[in-house]
Amino acid sequence: MAAEQPKKKTKWYADGLRFECTQCGACCSGEEGYVWVDKNEVLAMAKKMQLSESEFRKKFVRRVGSRHSLVEYPDGDCILLDPKTRHCLAYEARPTQCRTWPFWKSNLTSERTWEETCQACPGAGTGKLYTLEEIEHQRKLKRV
Ligand code: SF4
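Here goes a summary of the coordinates provided. (Residues numbered from 1 in each chain as written. Predicted model: local features only at pLDDT ≥ 70, side-chain atom pairs only at ≥ 80, totals over all residues. Heavy atoms only, no water.)

**Considerations on the overall build of the protein chain**
Helix and strand counts for the protein chain come out as six helices and four strands. Going residue by residue from the N terminus, the α and β elements of the protein chain occur as β-α-α-β-β-α-α-α-β-α. When the backbone C-alpha atoms are referred to their principal axes, the protein chain occupies close to 70 × 30 × 25 Å. Out of the 144 residues belonging to the protein chain, those deemed buried represent 33%. For the protein chain, restricting intrachain contacts to residue pairs at least 6 apart in sequence, the fraction spanning at least 24 positions comes to 65%. Approximately 9800 Å² of the protein chain is accessible, and the part contributed by carbon and sulfur atoms is 52%. Taken as two groups, the 25 positive and 20 negative side-chain charges of the protein chain have centres that lie 5 Å from each other. (Helix = DSSP H or I, 4+ residues; strand = E, 2+ residues; numbered from the N terminus. Buried < 20%, exposed > 50% of the residue type's maximum accessible area, 1.4 Å probe, protein only. Contact = heavy atoms within 4.5 Å. Areas by Shrake-Rupley, 256 points an atom, 1.4 Å probe, with all protein chains shown as cover. Lys, Arg positive; Asp, Glu negative; His and termini not counted. Charge placed at Lys NZ, Arg CZ, Asp CG, Glu CD.)

Structure below.
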């Protein structure tokens, strides 16, 4: 008789989760935080904004230990969030950390952390249904 296969642990979001951005800009502002960027992301954003890499770094990037993050305004707004329109100035070239929101490991830890995410982000929990595979793909792109 064959040994019983160990049961695969199912994710609490196995049936998928809904998300559709309302472009409110809330995830680009608020408490102090970091938007981690690598060289390729800096190059893509600089290109989008028609700046050289060094111009872009000088204006928008800060060093944090051995890593680099986008600068913030004193009130916590991301430096790339247009204060008037509340839209991202580099949206099409935004970094992976922004692209994969709200499917971050930290938001998906439990139903409670997802609930908190839904309270902070009006687009989370509504709109398009993402499958488990799509969510897992995004979650694994960046550890946040
Ligand atoms: S907080 Fe949510 S709905 Fe608002 S801009 Fe960010 S992702 Fe979109």
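**Overview of the layout of surface pockets**
A volume near 1000 Å³ is recorded for the largest pocket. In this structure, the largest pocket is lined by 39 residues; those nearest its centre are Ala26, Cys27, Cys28, Ser29 and Trp101. For the lining of the largest pocket, the element with the most residues is helix α3 (residues 96-99), which contributes three residues. (1 Å grid on protein atoms, 1.4 Å probe; cavity = no way out; pocket = protein on both sides within 12 Å on 5 of 7 lines; lining within 4 Å. Points joined across faces, edges and corners; volume = space filled by probe spheres on them.)

**Comments concerning the environment of Glu72**
Within the secondary structure, Glu72 is located in the loop between β3 (67-70) and α3. When the C-alpha atoms of Glu72 and Gly30 are compared, they prove to be 10.0 Å apart, with 42 residues separating the residues in sequence. Discounting residues that sit within four places of it in the chain, Glu72 has contacts with Glu31, Glu32, Gly33, Arg62, Asp77 and Ile79. A polar contact is formed between the side chain of Glu72 and the backbone nitrogen of Gly33, at a distance of 2.9 Å. (Polar contact = N/O pair within 3.5 Å; in protein donor to acceptor, adjacent residues only side chain to side chain.)

**Looking at the pairing of β3**
Here is the key point about a regular strand: its side chains alternate between the two faces of the sheet. Where strand β2 (residues 61-64) meets β3, four bridges bridge the pair, whose relative direction is antiparallel. Residue pairing for β3: Arg63 is matched across the bridge by His68. Connecting β2 to the antiparallel partner β3 that follows it, the hairpin turn spans two residues, and Gly65 within it adopts a positive phi of roughly 60°. (Pairing = 2+ DSSP bridges.)

**Quick look at the nonpolar core**
Counting 15 residues, the largest nonpolar core has Val37, Met45, Phe56, Val61, Leu70 and Leu80 as the members making the most contacts within it. Residue assignment for this core shows that the elements contributing at least two residues are α1 (39-48) and α2 (53-60). Sort the elements by how many residues they give to this core and α1 lands first, with three residues. Contacts of Leu70, omitting those with residues within four sequence positions, involve Val35, Val37, Met45, Phe56, Phe60, Val61, Arg62, Cys78, Leu80 and Pro95. Among the nonpolar cores identified, the runner-up in size contains 13 residues, and Leu17, Trp104, Cys118 and Tyr130 belong to it. (Core = buried A, V, L, I, M, F, W, Y, C linked by side-chain atoms within 4.5 Å.)

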